[in-house]
Amino acid sequence: MTTTSASLDRITPSATLAMTSRVLDLKAQGIDVIGLGAGEPDFDTPDFVKDAAIAAIRAGKTKYTNVDGTAELKAAIAAKFLRDNDLTYAANQISVNVGGKHTLFNALVATVGAGDEVVIPAPYWVSYPDIVEFAGGTPVIVPAGADQQYKVTADQIEAAITPRTKWVILNSPSNPTGAAYGADELEALGAMFRRHPHVMILADDMYEHIVYDGFRFATIAQVCPDLYDRTLTMNGCSKAYAMTGWRIGYAGGPTWLIKAMAKLQSQSTSNPCSIAQAAAVAALNGPQDFLAERNAAFQGRRDLVVGLLNAIPGIACPTPEGAFYVYPDVSGLMGKTTPKGAVIETDEQLVTYLLDEARVAAVHGAAFGLSPAFRISYATSEALLTEACKRIATACAALR
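- An unreviewed UniProt entry lists the chain under the name Aminotransferase, with Sphingomonas arantia given as the organism.
- The UniProt entry for the chain carries the following text under Catalytic activity (unreviewed entry): "L-aspartate + 2-oxoglutarate = oxaloacetate + L-glutamate".

Right, dumping it as structure tokens:
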């Protein structure tokens, strides 16, 4: 007889990773599937980053490092925070982790316990509520639909705060919607946070460098310096630098929290990969000019997908400010019947239909806490995106 822990039983497998696995299985069977579920750039890691990793291997930098990051990487992260965000962090205020998810896991598990609440705007990244539940806390979901451009207001967040609230998570630009909060919106949130000094703020800035149409990225500790001591500002190398597999996430925050995260990490993963850390130093300190070129490509793909999806009856797709996702509302397709006679009642049924009939893989909105919708990643070629949207249009037209 085998049993699992109560902590493990509180969580579910990642819906995005599950869809990615299903696509890989279908492709292995020789089935022509267009996978738009994976949240990673299709661009390659820059050569200068690869070269730094190779040099580190040749220099013998293959040993254990400090648990939460090398001195060199912490210095590069501190320089990045100052350069890009006007934030000053000392080495003991910086944590380096095995990807952004690990950063979130460490911060929440180190601070959240039974009876604690974490306010999470929806649509949310799939792992937020599960990590909170693993830690024994309670996710408090605050929804914001397409009519709000998927952005919550200060009033909505304030209505969800109780004496038990430990954290509020802000993800901008957002996974899954691409919605981003401007400085004025962050200031409005900051004014609300000042009325609730017991609440910590977790700013997930993973898509900071992927923004469009002249949008000026800002993070809350930058806009509201008086909230600096209550904010964990997290980021990573995965998205901007196309380093998803290298697994480097990082954060700047109060010393007590960084110390707590290091304590947890010392008994779990220990240090991030030494070679990946050397590569991250090069990524953060090296030339950044390639980011604008890649963003231009992403913006062209965004405009293509938004236009094609909005041309499909029953689908309404807002235009995101950043990241590389769209999150179309599919209310107009609910209740319709497939050619085989099945009634589409949920967005999960819709994406299953699209996978089975159109051979296009997306992730259903319920996984992100707001239905009916689905998430598409446009981090692939315009040719594939055009074909995928054509297939979606054909499948939707077949519904009655």
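### Here's the deal with the packing of helix α5 (residues 100–111) against helix α6 (residues 127–134)
Turning to step 1, where the next piece is worked out: Where α5 meets α6, the axes come as close as 9 Å, and the angle between the chain directions of the two elements is 35°. In terms of crossing hand, the pair formed by α5 and α6 is right-handed. Residues Lys101, Leu104, Phe105, Leu108 and Val109 of α5 lie in contact with α6, whose contacting residues are Ser127, Tyr128, Ile131, Val132 and Phe134.
Turning to step 2, where the next piece is worked out: Class assignment of the residues belonging to the contact of α5 with α6 gives a composition of 8 nonpolar, 1 polar and 1 charged.

### Some points on the pattern of salt bridges
Turning to step 1, where the next piece is worked out: Considering all chains together, one arrives at 20 salt bridges under this definition.
Turning to step 2, where the next piece is worked out: One salt bridge connects Arg301 with Asp42, and the closest N-O pair in it is separated by 2.8 Å. Of this pair, Arg301 sits in helix α12 (residues 290–310) while Asp42 sits in the loop between β1 (34–35) and α3 (47–58), and the two are 259 residues apart along the sequence.
Turning to step 3, where the next piece is worked out: Taking the relative accessible area as the measure of exposure, Asp42 reaches 38% and is therefore partly exposed.
Turning to step 4, where the next piece is worked out: One salt bridge connects Glu158 with Arg195, and the closest N-O pair in it is separated by 2.8 Å. In this pair, Glu158 is assigned in helix α7 (residues 154–160) and Arg195 in the loop between α8 (183–193) and β6 (200–204), connecting sequence segments 37 residues apart.
Turning to step 5, where the next piece is worked out: Look at Glu158 and you get partly exposed, because its relative accessible area is 22%.
Turning to step 6, where the next piece is worked out: Because the salt bridges share partners, they merge into one network encompassing Lys80, Arg83, Asp84 and Glu208.

Scoring rules and cut-offs
Residues numbered from 1 in each chain as written. Predicted model: local features only at pLDDT ≥ 70, side-chain atom pairs only at ≥ 80, totals over all residues. Heavy atoms only, no water. UniProt positions renumbered as here; feature names shortened; annotations may be inferred. Axes fitted to C-alpha atoms, helices over the stretch in contact; angles between N-to-C directions. Helix = DSSP H or I, 4+ residues; strand = E, 2+ residues; numbered from the N terminus. Left-handed = near helix turned anticlockwise from the far one by under 90°. Contact = heavy atoms within 4.5 Å. Nonpolar A, V, L, I, M, F, W, Y, C, P; charged D, E, K, R; others polar. Salt bridge = Lys/Arg side-chain N within 4 Å of Asp/Glu carboxyl O. Buried < 20%, exposed > 50% of the residue type's maximum accessible area, 1.4 Å probe, protein only.

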